[in-house]
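# A structural walkthrough
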Amino acid sequence: MTTAAAPGSGLLERIVTPTGGQPIHDPATGEFIGHAPTASAADLDTAVAAAQAAQKSWAATPDAERSALLHKAADAVEAHAEELAQLLSREQGKPLNGPNARFEVGACAAWLRANADFPIEPEVVIDDGETYAEVRYQPLGVVGAIGPWNWPMMISVWQLAPSLRMGNTVVIKPSEYTPLSVLALVEVLNSALPADVLIPVCGGGELGDQLTRHPDIAKIMFTGSTSTGKAIIKAASDTMKRMTMELGGNDAGIVLDDVDPAAIAEGLFWGAFINTGQTCAALKRLYVPRSIYREVCDALVGVAEAMPMGVGLEEDNVLGPLQNAAQRDIVARLVDSARNAGATILTGGEHDAEAPGYFYPITLVADIDPDNPLVTEEQFGPALPIIAYDDLEQAIEWANSLDAGLGSSVWSADRARALDVAARLEAGTTWINKHGAVDPRMPFGGAKESGFGLEFGVAGLKEVAQPHVVTY
Ligand code: NAD
């Protein structure tokens, strides 16, 4: 076992408060990391006023210059990549390796660069000799970004990169569980950006609510749970804010009867357990035809039992703890509900609540009813229910039966069959023979109670802009 050596350029020392503030601990070890600052309502007003003052000159900056500054910000992320990854690993819990902390920091740079380069031109909608009309995209003003704790750096970039590119300034409120990761990222980004175009404020739900209601915030970009999203929609209505809502998911995967179970097992595993299952668009319920049910279950157990879980800074690990005790308890409760209903725990299913760290093992649950709470509620952790089906129509109906509709996947050796099933799934994205792979060029968003609005690509830029029709 090797442990990463801290690079230590002093980033952490620059963002923590020397005394007081919110204590932050490593979820894998309980080790104290530092105190995060906490913002009062007055601090929030100061931040919004500064962002508003900076917005006019930022909007007046030529687009090519804003793009160049986003590339410079990506350079700064790459220059500090290891230090950012280590802090992210210590605060969030995710290991350095696998699709985890180093991967997340790499994604921050990639999304910054992609957002810097998307073309955004006025769109001519009529030019028939009599009438000319074009749609231009103008900045909105100050964007309020509110984020979750599972991918704190990457999701912050998803919110701030398009906002900045379009000439908005941003006040960002990270999750109270992972403020240091976002503060460190912002510190690095701000080494490249002009003053006050990106301002962090740290606090919990109350501060998020104040940001949502603030009259000088033009738009809320929110990523988090569906219940908080509903509260924000209500709170934002008085000031008629624009909103992008990226909310909870309970993604279904449907395996068709023509697959080779061994060939898809690793894809299924990472679809479900990327970031130890703490991912919005992870595979959270898997429907498998009874004819190959045991083979798929066995293949998944084989992959799961070979994947090392442990402290994030140890280089061998690819799975980590839950980020917090509350989420670990949700996973344990849902697995218990399945066990008590007679489901079979194929692997995992037990944890030591007294041991250090919020670890819960990878848990695969078979012979489970389609309406068990482990299937119908979002577990957001390392437990996957595998439901047997006899009739594909029934599986499609089960997949569409919930209020959530973020992602979904179909697994088949026959692309045409897979496409037919995909067309019938109610979700923002359907992947074929993979699950959860996002790409900055591909719009991403939820159906039903998984939210509204799109992120990524030119569609994502338009979400943080006011369309303005000019016609003669
Ligand atoms: P959460 O809703 O508890 O918290 C998210 C953020 O909202 C935090 O910053 C929190 O402080 C803030 N908040 C809480 N109450 C608020 C209020 N009344 N007004 C304004 N802000 C408030 O979510 P979480 O537990 O941090 O994240 C997990 C959830 O996020 C899961 O449901 C997951 O599926 C979802 N998620 C969705 C996406 C997506 O892109 N659709 C991505 C990641 C996570």
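The structure we're discussing is the one just above.
These lines cover the structure that appears in this document, whether it is placed above or below.

Analysis parameters
- Residues numbered from 1 in each chain as written.
- Predicted model: local features only at pLDDT ≥ 70, side-chain atom pairs only at ≥ 80, totals over all residues.
- Heavy atoms only, no water.
- Near = heavy atom within 4 Å.
- Polar contact = N/O pair within 3.5 Å; in protein donor to acceptor, adjacent residues only side chain to side chain.
- Areas by Shrake-Rupley, 256 points an atom, 1.4 Å probe, with all protein chains shown as cover.
- Helix = DSSP H or I, 4+ residues; strand = E, 2+ residues; numbered from the N terminus.
- Contact = heavy atoms within 4.5 Å.
- Salt bridge = Lys/Arg side-chain N within 4 Å of Asp/Glu carboxyl O.
- Buried < 20%, exposed > 50% of the residue type's maximum accessible area, 1.4 Å probe, protein only.
- Pairing = 2+ DSSP bridges.
- Axes fitted to C-alpha atoms, helices over the stretch in contact; angles between N-to-C directions.

### Thoughts on the site of the ligand
In the vicinity of the ligand there are 30 residues, among which G147, E176, S225, T228 and E378 approach most closely. Side-chain polar atom of E176 to an oxygen atom of the ligand: 2.6 Å apart, as the coordinates give it. One of the side-chain N or O atoms of S225 is found 2.6 Å from an oxygen atom in the ligand. A total of 860 Å² of accessible area belongs to the ligand in isolation, and the protein chains cover 88% of it. Elements supplying a minimum of two residues to the shell around the ligand: α8 (205-213), β8 (219-223) and α9 (226-236). Counting residues per element, the shell around the ligand draws most heavily on α8, at four residues.

### As for the environment of A184
Residue position: A184 is located in helix α7 (residues 179-190). Remark: the alpha-carbon pair of A184 and L12, spanning 172 residues in sequence, is separated by 6.9 Å. Not counting residues up to four positions away in its chain, the partners in contact with A184 are L11, I15, L84 and L87.

### Some details on the pattern of salt bridges
Inspection of every chain in the model, using the stated rule, returns 27 salt bridges. The residue E78 makes a salt bridge to R113 at a minimum N-O spacing of 2.8 Å. With E78 in helix α3 (residues 63-79) and R113 in helix α5 (residues 101-117), this residue pair connects regions lying 35 residues apart in the sequence. With relative accessibility at 45%, the residue E78 sits in the partly exposed group. In this structure, D258 and R417 form a salt bridge, with 3.0 Å as the shortest nitrogen-oxygen distance. Of this pair, D258 sits in the loop between β10 (251-255) and α10 (261-273) while R417 sits in helix α15 (residues 415-422), and the two are 159 residues apart along the sequence. The structure contains a network of salt bridges with shared partners spanning D63, R66 and R165.

### A word on the sheet that holds strand β20 (residues 465-471)
As a general point, the strands of a sheet are linked pairwise by backbone hydrogen bonds and lie either parallel or antiparallel. Within the open sheet, the three strands sit side by side as β3-β4-β20. Their pairing is antiparallel. Two strands lie at the open edges of the sheet, namely β3 (123-127) and β20, each paired on one side alone. Going across the sheet, the axis of each strand differs from the next one's by a mean of 25 degrees, ignoring polarity.

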